[in-house]
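Residue-level structure breakdown
Spelled out, the chains give:
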Amino acid sequence: MIREASRNDLQQMLELYLYLHEDSIPEDSPRLQDTWNSIINDENHHLIVCEIEGRIVASCVCVVIPNLTRGVKPYAFIENVVTHEAYRGKGYATACLNYAKEIAEKNNCYKMMLLTGSKEEATLNFYRNAGYNSADKTAFIQWISTGNR
């Protein structure tokens, strides 16, 4: 089942992110809870999950960003695409990306963007097969020196 995350999904999301780039689950703190509440309560921030037999096995984030160009149409940014290692290759992340596209279309977005740090051809082909291309734009990143990358 593809759905948006609910308030009770925090622990499962933190566990799933261990398959993304995290090496530990952050300790429960007011900062963590405030961040979670901000995400859950933000109408433009969509945390999409794929749940199989009560377990969240894949996810992505779709943020709809208001915009003053392109006829004042927003755009969507996709981030944190992840699938639990044991559930890869079954189309779950693709289903999450398709749900994100539905959100973008409902919000009249003129484009969707995502970045990946992966250089793996299989990962790049996954995004190509999901309808994304790397020819139209060039991405640049500037890391902010916070100690966490």
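Bear in mind the structure is a predicted one, so any value in this text is a computation, not a measurement. Numbering of residues begins from 1 in every chain and follows the order in which that chain's sequence is written. Where totals are concerned, whole chains, interfaces and linings use all residues; where local detail is concerned, this predicted model gives features only for residues with pLDDT of at least 70, and gives and counts side-chain atom pairs only at 80 or more. Hydrogens and water molecules were not included; the side-chain quantities draw on all heavy atoms of the structure.

Turning our attention to the overall build of the chain. Helix and strand definitions here come from DSSP, where helices need a minimum of 4 consecutive H or I residues and strands a minimum of 2 consecutive E residues; each element is numbered from the N-terminal end. The helix and strand inventory of the chain stands at four helices and five strands. Written out in order from the N terminus, the α and β elements of the chain read β-α-α-β-β-β-α-β-α. Atoms counted for the radius of gyration: C-alpha only. Globule rule: 2.2 Å times the number of residues to the power 0.38. Radius of gyration (C-alpha) of the chain: 16 Å, near the 15 Å computed for a compact globule of 149 residues. When its C-alpha atoms are laid out on the principal axes, the chain stretches across 40 × 35 × 35 Å. Classification of residues uses two cut-offs on accessible area relative to the type maximum, computed with a 1.4 Å probe and protein chains only: under 20% is buried, over 50% is exposed, and between them is partly exposed. Burial analysis of the chain (149 residues in total) assigns 30% to the buried set. Residue pairs at least 24 apart in sequence account for 61% of intrachain contacts in the chain once pairs closer than 6 positions are excluded. Surface exposure here means Shrake-Rupley accessible area, sampled with a 1.4 Å probe, where a residue is shielded only by the protein chains that are shown. A total accessible area of about 10,000 Å² is found for the chain, and carbon and sulfur atoms account for 48% of it. Of the side-chain charges in the chain, 15 are positive and 19 negative, and the distance between the mean point of each set is 8 Å. Only heavy atoms matter for contacts: two residues are in contact if any of them lie within 4.5 Å across the pair. Lys and Arg are tallied as positive, Asp and Glu as negative. Neither His nor the chain termini are counted. The atom standing in for a charge is NZ when the residue is Lys, CZ when it is Arg, CG when it is Asp and CD when it is Glu.

Before going further, it helps to examine the pairing of strand S3 (residues 55–65). Within S3, eight of the 11 residues are buried, which leaves the element mostly enclosed by the surrounding structure. Two strands pair when backbone bridges link them, and strand S2 (residues 45–52) and S3 are joined in this way by eight bridges, in the antiparallel orientation. The residue of S3 that forms the bridge with Leu47 is Val61. Linkage of S2 to S3, two consecutive antiparallel strands, is achieved through a turn of two residues, within which Glu53 is found at a positive phi near 50°. The sheet contact formed by S3 and strand S4 (residues 75–83) spans seven bridges and is antiparallel. In the strand pairing of S4, Val64 is matched with Ala76. By this definition, two strands are paired if DSSP reports at least two bridges between them.

Further remarks concern the packing of aromatic side chains. Two aromatic rings from Phe, Tyr or Trp, using only the six-membered ring of Trp, form a pair when their centres are within 6.5 Å; if the ring planes differ by under 30 degrees the pair is stacked, by over 60 it is edge-to-face, and anything between is tilted. According to the stated counting rule, one finds three aromatic pairs in the structure shown. Arranged with centres 6.5 Å apart and planes meeting at 75°, the rings of Tyr75 and Tyr110 form a pair that is edge-to-face. Remark: Tyr110 occurs in the loop between helix H3 (92–106) and strand S5 (112–114) and Tyr75 occurs in strand S4; sequence separation between them is 35 residues. Distance and angle both matter: a charge sits over a ring if NZ of Lys or CZ of Arg is within 6 Å of the ring centre and within 35 degrees of the ring normal. Note that Lys111 overlies the ring of Tyr75, its terminal NZ or CZ placed 5.5 Å from the centroid.

A few words on the pattern of salt bridges. Salt bridges are counted wherever a side-chain nitrogen of Lys or Arg sits within 4 Å of a carboxyl oxygen of Asp or Glu. According to the stated counting rule, one finds three salt bridges in the structure shown. Residues Asp9 and Arg3 are paired through a salt bridge, measuring 2.7 Å at the closest nitrogen-oxygen approach. In terms of burial, Asp9 and Arg3 fall into one category: buried. Through salt bridges that share partners, Arg3, Asp9 and Glu51 make up one connected network.

What follows concerns the sheet that holds S2. The strand order S1-S2-S3-S4-S5 describes an open sheet built from five strands, whose pairing is mixed. For this open sheet the edge positions go to strand S1 (2–4) and S5, each flanked by a neighbour on one side alone. Each adjacent strand pair in this sheet contributes to an overall mean axis angle of 30°, direction not counted. Here the axes come from fitting lines to C-alpha atoms, over the contacting stretch only for helices, and the angles between their N-to-C directions go from 0 to 180 degrees. Along the sheet face, H3 touches S1, S2, S3, S4 and S5 and points at about 25° away from the line of S3.

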